[in-house]
2 protein chains.
Amino acid sequence: MPKRLIIASTSTLHRSDYLAYLLPTLEVLYQNANTIVFIPYARPGGISHEQYTDIAAKAFKKIGKKIIGLHTYKNPVEAIENAEGIFTGGGNTFVLVNQLYKTEVLPVLRKKIFEGTPYLGTSAGSNICGLTMQTTNDMPIAYPPSFKTLGALPFNINPHYLDPIAGSTHMGETRETRIKEFHAHNHIPVIGLREGSWLEVLDNAITLRGTPTARVFEKDKVPYEITSGSLLDF
Amino acid sequence: MPKRLIIASTSTLHRSDYLAYLLPTLEVLYQNANTIVFIPYARPGGISHEQYTDIAAKAFKKIGKKIIGLHTYKNPVEAIENAEGIFTGGGNTFVLVNQLYKTEVLPVLRKKIFEGTPYLGTSAGSNICGLTMQTTNDMPIAYPPSFKTLGALPFNINPHYLDPIAGSTHMGETRETRIKEFHAHNHIPVIGLREGSWLEVLDNAITLRGTPTARVFEKDKVPYEITSGSLLDF
């Protein structure tokens, strides 16, 4: 299948501008797109769709691309159907998925991705590329009709992956424990994507890019690290 | 209403035994109960109901109480109906709530709590005392039929509450940001319960107990701290 996706752990690195570290990659991803439809539904920090679209537009202006917020279209399904390029920003995955179901955008978004429309996801926008959203870090502040997501990847993502903090006295679950709990109930592999790394999907090849290693969790296996440049083929 | 609940942020303090810090409080809570029904559905770390019940039984033996796991009853609704005391342990809130709906235990558990049956909740077992489970920290590894929970409290709980880490370079949302996002979509107040603190519910009085302060989040207000001994009356 002619897929072209960049699936990033985070939109923003510490002390850096929104999307700055990804801009060279995005110039290549969107080389044939002048206008990119932005899906602002995840509303990070509860900001409005307008505010969020302004942030995305400012970053994309640096590579000469125009951003249009999906919320500005009367018919969002048609807007996705006609999109040259698509970007789903981060925020709350439950709010995002709920809105994608409510607007009936999810199936057409999936179709467009599988037809090869260039797609960028960051954080929650990356989570939805997995088979389900069940390895999100977000609070369930909205109740979507299903946790099933795009399935553009044959596994799930855990973005903003965090290693256990050495010497911590906090008794809340570590990220690794949470994913282990996921595997007590589910079989789907999970990729812990650290900030600064992303998955590049080119047709059927999925490659880890960026600086950090990623942590792979498979049911009943000891978790292991893969380095940048590795192919993810389960 | 004759309610008697202890709603704790965590079961276990760092370098301490399971429930150790709460045992004096539990001796009072359960003074008229010899046998306590334990709800092991949240399965922390994915452990079995049996393994989890053994852990609870070992702690309660120290105060001369017998623990029986709810999973051992043929009819869990009847078991809750007849319980002298109830304890719901922590783990994954989605798994817990899903199982409480599946077994139809949720309404009878609510009824028993409102009749004055002594109840202890820790972590996920505390989350379900709120109006909804929507301020849990857990991963959505199961899909419950609803996020509505017991409503034994007129607000929501965020257990294992964590302050932002000074100087952190991680770009994932802080707990405070996540709760702010909750309030972009919901009106329910949220109590951030730090480890080592708990809510004591006696009839209609809800009091913060333990050592740490708690953080209160109300929609469109600046979050604020309350000290141990404070009444929570919204």
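Above this text sits the structure in question.
What you see is a predicted model, and the numbers here were worked out from it, not measured in a lab.

1. Quick word on the overall build of chain A
Next up, step 1: What chain A contains, in helices and strands, is seven helices and eleven strands.
Next up, step 2: Taken against the 2.2 N^0.38 rule, which gives 17 Å for 234 residues, the C-alpha radius of gyration of chain A at 17 Å falls within 12% of a compact globule.
Next up, step 3: The principal-axis extents of the C-alpha atoms in chain A amount to approximately 50 × 35 × 35 Å.
Next up, step 4: Summarising the internal contacts of chain A: among those between residues at least 6 apart in sequence, 69% fall at separations of at least 24.
Next up, step 5: Here chain A displays about 9400 Å² of accessible surface, and carbon together with sulfur accounts for 52% of that area.
Next up, step 6: Each charge class in chain A can be summarised by its mean position, and for the 23 positive and 21 negative side chains these summaries are 3 Å apart.

2. Here we look at the nonpolar core
Next up, step 1: Of all hydrophobic cores here, the largest spans 104 residues; its most connected members are Leu 109 and Leu 199 of chain A together with Leu 109 and Leu 199 of chain B.
Next up, step 2: Apart from the residues within four sequence positions on either side, Leu 199 of chain B is in contact with Leu 5, Ile 6, Ile 7, Leu 153, Phe 155, Ile 157, Leu 193, Ile 206, Thr 207, Leu 208 and Leu 232 of chain B.

3. Describing the pairing of strand β5 (residues 119-122) of chain B
Residue and element names in this part refer to chain B.
Next up, step 1: Of the two faces of β5, the one holding Tyr 119 and Gly 121 and the one holding Leu 120 and Thr 122 are both buried throughout.
Next up, step 2: With four bridges joining them, strand β1 (residues 4-8) and β5 adopt parallel strand pairing. Residue pairing across strands places Ile 7 opposite Gly 121, the latter belonging to β5.
Next up, step 3: In this structure, strand β4 (residues 86-88) lies alongside β5, joined through three bridges in parallel fashion. Within the sheet, the bridge partner assigned to Phe 87 lies in β5 and is Leu 120.

4. With respect to the sheet that holds strand β6 (residues 156-158) of chain B
Residues and elements named next belong to chain B.
Next up, step 1: Ordered in space as β6-β7-β10-β11, the four strands form an open sheet in which the pairing is mixed. In this open sheet, the two strands that pair with only one neighbour each are β6 and β11 (224-226). When the angles between neighbouring strand axes are averaged without regard to direction, this sheet yields 30 degrees.
Next up, step 2: Here three bridges tie strand β7 (residues 190-192) to strand β10 (residues 214-217), and the two strands are oriented antiparallel to one another. Looking across to β10, one finds that Ile 191 is bridged to Val 216.

5. Topic: the layout of surface pockets
Next up, step 1: The volume enclosed by the largest pocket comes to roughly 1000 Å³.
Next up, step 2: Lining the largest pocket are 31 residues, with Leu 162 and Ile 165 of chain A together with Leu 162, Ile 165 and Arg 175 of chain B sitting closest to its centre.
Next up, step 3: Taken together, the elements giving at least two residues each to the lining of the largest pocket come down to α7 (175-183) of chain A together with α7 (175-183) of chain B.
Next up, step 4: The residue inventory of the lining of the largest pocket, partitioned by class, reads eight nonpolar, 13 polar and ten charged.

6. Some points on unusual backbone geometry
Residues and elements named next belong to chain A.
Next up, step 1: Positive phi outside glycine occurs at Arg 15, with the angle close to 60 degrees.
Next up, step 2: By secondary structure assignment, the location of Arg 15 is in the loop between β1 (4-8) and α1 (23-29).
Next up, step 3: Accessibility expressed as a relative area gives 80% for Arg 15, which makes it exposed.

Analysis parameters
- Residues numbered from 1 in each chain as written.
- Chains lettered and ligands numbered in written order.
- Predicted model: local features only at pLDDT ≥ 70, side-chain atom pairs only at ≥ 80, totals over all residues.
- Heavy atoms only, no water.
- Helix = DSSP H or I, 4+ residues; strand = E, 2+ residues; numbered from the N terminus.
- Rg over C-alpha atoms; globule rule 2.2 N^0.38 Å.
- Contact = heavy atoms within 4.5 Å.
- Areas by Shrake-Rupley, 256 points an atom, 1.4 Å probe, with all protein chains shown as cover.
- Lys, Arg positive; Asp, Glu negative; His and termini not counted.
- Charge placed at Lys NZ, Arg CZ, Asp CG, Glu CD.
- Core = buried A, V, L, I, M, F, W, Y, C linked by side-chain atoms within 4.5 Å.
- Buried < 20%, exposed > 50% of the residue type's maximum accessible area, 1.4 Å probe, protein only.
- Pairing = 2+ DSSP bridges.
- Axes fitted to C-alpha atoms, helices over the stretch in contact; angles between N-to-C directions.
- 1 Å grid on protein atoms, 1.4 Å probe; cavity = no way out; pocket = protein on both sides within 12 Å on 5 of 7 lines; lining within 4 Å.
- Points joined across faces, edges and corners; volume = space filled by probe spheres on them.
- Nonpolar A, V, L, I, M, F, W, Y, C, P; charged D, E, K, R; others polar.

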